[in-house]
Amino acid sequence: MGTELRYEVKPVQHYIDGEFCDSISGKTFKTVNPTTNEVITTAAEGFSEDIDKAVRAANRAFREGPWAEMKTKDRAELMRTIAAGIESNSEELSYLETLDTGLPISQTKGQAARAAANFRFFAEMISRMTGESFPVDDTFLNYTTMKPVGVAGLITPWNTPLMLASWKIAPCLATGNTAVLKPAEWSPLTAAKLASILDAAGVPKGVFNVVQGYGETAGAALVAHEDVKLISFTGETTTGKEIMRNGADTLKRFSMELGGKSPVVVFADADLDRAVDAVVFGIYSLNGERCTAGSRLLVERSIKDEFERRLQERVEKIKIGDPFHPDTEVGALIHKDHYDRVTNYIQIGQKEGARVLAGGSRPRDMSQGNFLSPTLFVDVTNDMRIAQEEIFGPVLVSIPFDSEEEAVKLANDVNYGLASYVWTTDLTRAHRVSQQIEAGMVWINSQNVRDLRTPFGGAKMSGIGREGGHYSFEFYTEQKTIHLAMGEHHIPQFGK
Ligand code: NAD
C-alpha cells in the first residue's frame, strides 16, 4: 500500500502525572501497520509499577487537587477546550487511527468528529446534572446529590479506539473523577495524541493518565489496584468476565460493554432498497470490527433469494484497499492474528455446510497485509458457529425465516443481546417485534444512528449497565441521600 507518512510518528510513551514518560522497566512493544504488517513504531510497555505510579497520581489529583471541587462550569469549559483541540487535530488523529487500525480514512474522520462531539455533549450534560428531592409532609426533606467517585480505570479495545476512549473519558472527567486509561495493545497511537490534547487544554496534572501495555499485565494491574474505584471496560465478553473476577476482591464498580452478534430482521414488506443499504453498511463499515454490527441477517423466505442476490451484487462492488484512499470502503483488519481468526471462521462456515456467495478470501491483487474481501454466507442455519459466535470482521450470515414468531425466536437464540435492527413497514409489527427482541438497543427501519442522550449498552452476554446521557452519571457518580429533619419528629427514648 503506498502510504507516505504525513505526520511524524514518534515512539509512544505513557502519560502520567502530566508528563510523558517511558516504562519503569524500560520495556517497549511494537505496533504494526495492518496493510503491511510492518512495524510503525514502539510503545512503552506498562506493568504493575507503571499502573501504580499512574493510580497514585490520579488519586492525589482527586484528593488534593482542585479537580473534584472545581465549579461545574469551569470543568465544562475545559471539556469544550478539549473538543476544540480534537477538532483542530482531527486530520492527524484520523491519520494515526487509520495507520494503526487499517480503518478507512473517511470513517476515522467521522470517528474523530464523534470524539470531539462526546466531549461537547458531556460539557452540556453536566450542567443538567441534578438530584431528586423527597419531601415528607413538613417533617423531612430528603434529597440526593451526585459526587465523583474517585479514580476510574478505563480499558478500551482496538476497534475505533479514539472514539471509544472519548466516550469514557468525557463523562468520567466531566463528573469530577480522575482517570487512568489503558488502551488496547494493537492501537496505542491515538491515545497518546489524545493525552497531548488534554495536556494542552490545561487538564491539571494527574487528572488524566495513560498507561500503554498488554491486558494481562497492565490491564490486570489496573483492575486489581485497591485505589481504583471504577472500571469502565469495553471489549470481549470473556475478558469482561475475567475482569469482574479480578476486581471482586477490591469490590469495583463495573460498566461492561461487551461483544455482540446482532440480528437484522428483514420482513418482506420492508423498503428493500433502504434495507439493502443498511444491511451492507451495518456489517461492512469499520471493516466489520464493530460491536453493534448487524452480523446475522434474518430474512423472510419469500424475499430471500432476491434479497441475497441484491446483497451479493453490492458486496462484490465494495471498494476494498488502501485505507488512506478517500474512496476506500473496507480497509485492512487490525492485526495478523485477528485476520487469521476471521479467515478461520470462513473455513469453519464452509465445513458447517454454509455457502460463500460473495468474498471469502484475500482480494486477488493484494498479496500482503490483512485484507479480506467482504464475505456473505448463505445456506446458514442458526446453530452453526458462524451464526452464534462473534466473528468481528466483514462477514455476514443470512438465515431465512417463515413467520414473525420464528424471526423473534431466531433473533433471540444467541448468547449476545447488544443491538438489533428490524425492517418492516407494518408499524404495529415493528413495535411488537422490538419489544420481544432480547437486546439493549433496537433500531427500526434504521441503520445504527446514535443519539448521545439515549442509554447505550447490552443485554445477556453483551454487557452490564448503560452509558450515555444521564445514564453515564449513574455509573460515574456516587449518589448520596441527605435526610433533613424539619421540626421535631419522634425519637424513641431508650434508657430514659
Ligand atoms: P479484548 O477484550 O481482547 O481487549 C479489550 C481491552 O481489554 C484491551 O485494552 C486489552 O488489553 C484489555 N484486557 C485484556 N485482558 C485483560 C485483563 N485480564 N485485565 C484487564 N484488561 C484486559 O477486546 P478487543 O479484541 O480489543 O475488542 C473487540 C471486542 O470488543 C469485541 O468483542 C467487541 O464486540 C467488543 N466491543 C464492544 C463494544 C460495546 O460497546 N459493547 C464496543 C466496541 C467493542
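Residues numbered from 1 in each chain as written. Predicted model: local features only at pLDDT ≥ 70, side-chain atom pairs only at ≥ 80, totals over all residues. Heavy atoms only, no water.

Caption draft 1: Quick look at the nonpolar core. Counting residues in hydrophobic clusters, the biggest one holds 79 residues, and the most contacted among them are Ile-169, Leu-173, Phe-208, Val-266 and Phe-307. Examining the composition of this core, we find that nine residues originate from one element, helix α4 (residues 105-126), more than from any other. In terms of domain composition, this core takes at least three residues from each of domain 1 (14-258 + 462-481) and domain 2 (263-444). Contact partners of Ile-169, with chain neighbours within four places excluded, come to Phe-119, Leu-154, Ala-174, Leu-181, Leu-194, Leu-198 and Phe-208. Membership of the second largest hydrophobic core comes to 29 residues, among which are Val-265, Ala-387, Phe-401 and Ala-411. (Core = buried A, V, L, I, M, F, W, Y, C linked by side-chain atoms within 4.5 Å. Buried < 20%, exposed > 50% of the residue type's maximum accessible area, 1.4 Å probe, protein only. Helix = DSSP H or I, 4+ residues; strand = E, 2+ residues; numbered from the N terminus. Domains from an automatic or database assignment. Contact = heavy atoms within 4.5 Å.)

Caption draft 2: Broad picture of the packing of helix α2 (residues 72-88) against α4. Interaxial distance between α2 and α4 falls to 8 Å at its minimum, and their mutual angle equals 170°. One element, α2, and the other, α4, form an angle in the roughly antiparallel class. Side by side, α2 and α4 meet where Thr-72, Arg-75, Ala-76, Met-79, Arg-80, Ile-82, Ala-83, Ala-84, Ile-86 and Glu-87 of the first sit next to Ala-112, Ala-115, Ala-116, Phe-119, Arg-120, Ala-123, Glu-124 and Ile-126 of the second. Partitioning the contact of α2 with α4 into residue classes produces 12 nonpolar, one polar and five charged. (Axes fitted to C-alpha atoms, helices over the stretch in contact; angles between N-to-C directions. Parallel < 35°, antiparallel > 145°, perpendicular 65-115°, else oblique. Nonpolar A, V, L, I, M, F, W, Y, C, P; charged D, E, K, R; others polar.)

Caption draft 3: The arrangement of the environment of Thr-381 in detail. Mapped onto the fold, Thr-381 is located in the loop between β15 (375-378) and α12 (385-388). Within the structure, Thr-381 has its side chain in polar contact with the side chain of Asp-383 (distance 2.6 Å). (Polar contact = N/O pair within 3.5 Å; in protein donor to acceptor, adjacent residues only side chain to side chain.)

Caption draft 4: Just the domain arrangement of the protein, in detail. Domain annotation of the protein identifies domain 1 (14-258 + 462-481) and domain 2 (263-444). Computed from C-alpha coordinates alone, the two centres of domain 1 and domain 2 are separated by 31 Å. Counting from both sides, the interface comprises 26 residues of domain 1 and, opposite them, 30 residues of domain 2. Between domain 1 and domain 2, roughly 2300 Å² of surface is buried when both sides are summed, and carbon and sulfur atoms account for 62% of that area. The interface formed by domain 1 and domain 2 holds zero salt bridges in total. At the boundary of domain 1 with domain 2, the tally comes to 11 residue pairs in polar contact (both at pLDDT 80 or more). When residues of the side of domain 1 that touches domain 2 are traced back to their parent elements, those giving at least two are α3 (90-101) and α4. Ranked by residues supplied to the side of domain 1 that touches domain 2, first place goes to α3 with five residues. (Buried area = accessible area lost by both parts, 1.4 Å probe. Salt bridge = Lys/Arg side-chain N within 4 Å of Asp/Glu carboxyl O.)

Caption draft 5: Structural detail: the pattern of salt bridges. Counting across every chain of the model gives 23 salt bridges. With its nearest N and O atoms 3.3 Å apart, the salt bridge here joins Asp-74 to Lys-73. With a shortest N-O distance of 3.4 Å, Arg-309 and Glu-306 are connected by a salt bridge. Residue Arg-309 and its partner Glu-306 are both found in helix α10 (residues 301-316); the two are separated by three residues, about one turn of the helix. Overall, Arg-309 belongs to the partly exposed group, its relative accessible area being 39%. Using a relative accessible area of 37% as the deciding quantity, one classes Glu-306 as partly exposed. The structure contains a network of salt bridges with shared partners spanning Lys-304, Asp-305 and Glu-308.

Caption draft 6: Local environment of helix α11 (residues 336-352). Helix length check: α11, at 17 residues, gives a terminal C-alpha distance of 24 Å against a target of 24 Å (1.5 Å per residue), a fit within 8%. Among the residues of α11, His-338, Tyr-339, Val-342, Thr-343, Tyr-345, Ile-346, Ile-348 and Gly-349 are the ones counted as buried. Where α11 terminates, the next one or two residues include Gly-353, which has phi positive at roughly 105°. (Expected span 1.5 Å × (residues − 1).)

Caption draft 7: Seen up close, the side chain of Asn-412. Along the polypeptide, Asn-412 turns up in helix α13 (residues 404-412). Overall, Asn-412 belongs to the buried group, its relative accessible area being 15%. A distance of 2.8 Å separates a polar atom in the side chain of Asn-412 from the backbone nitrogen of Glu-438. Those residues within four positions of Asn-412 in sequence are excluded, and the remaining contacts are Gln-436, Ile-437, Glu-438 and Lys-460.

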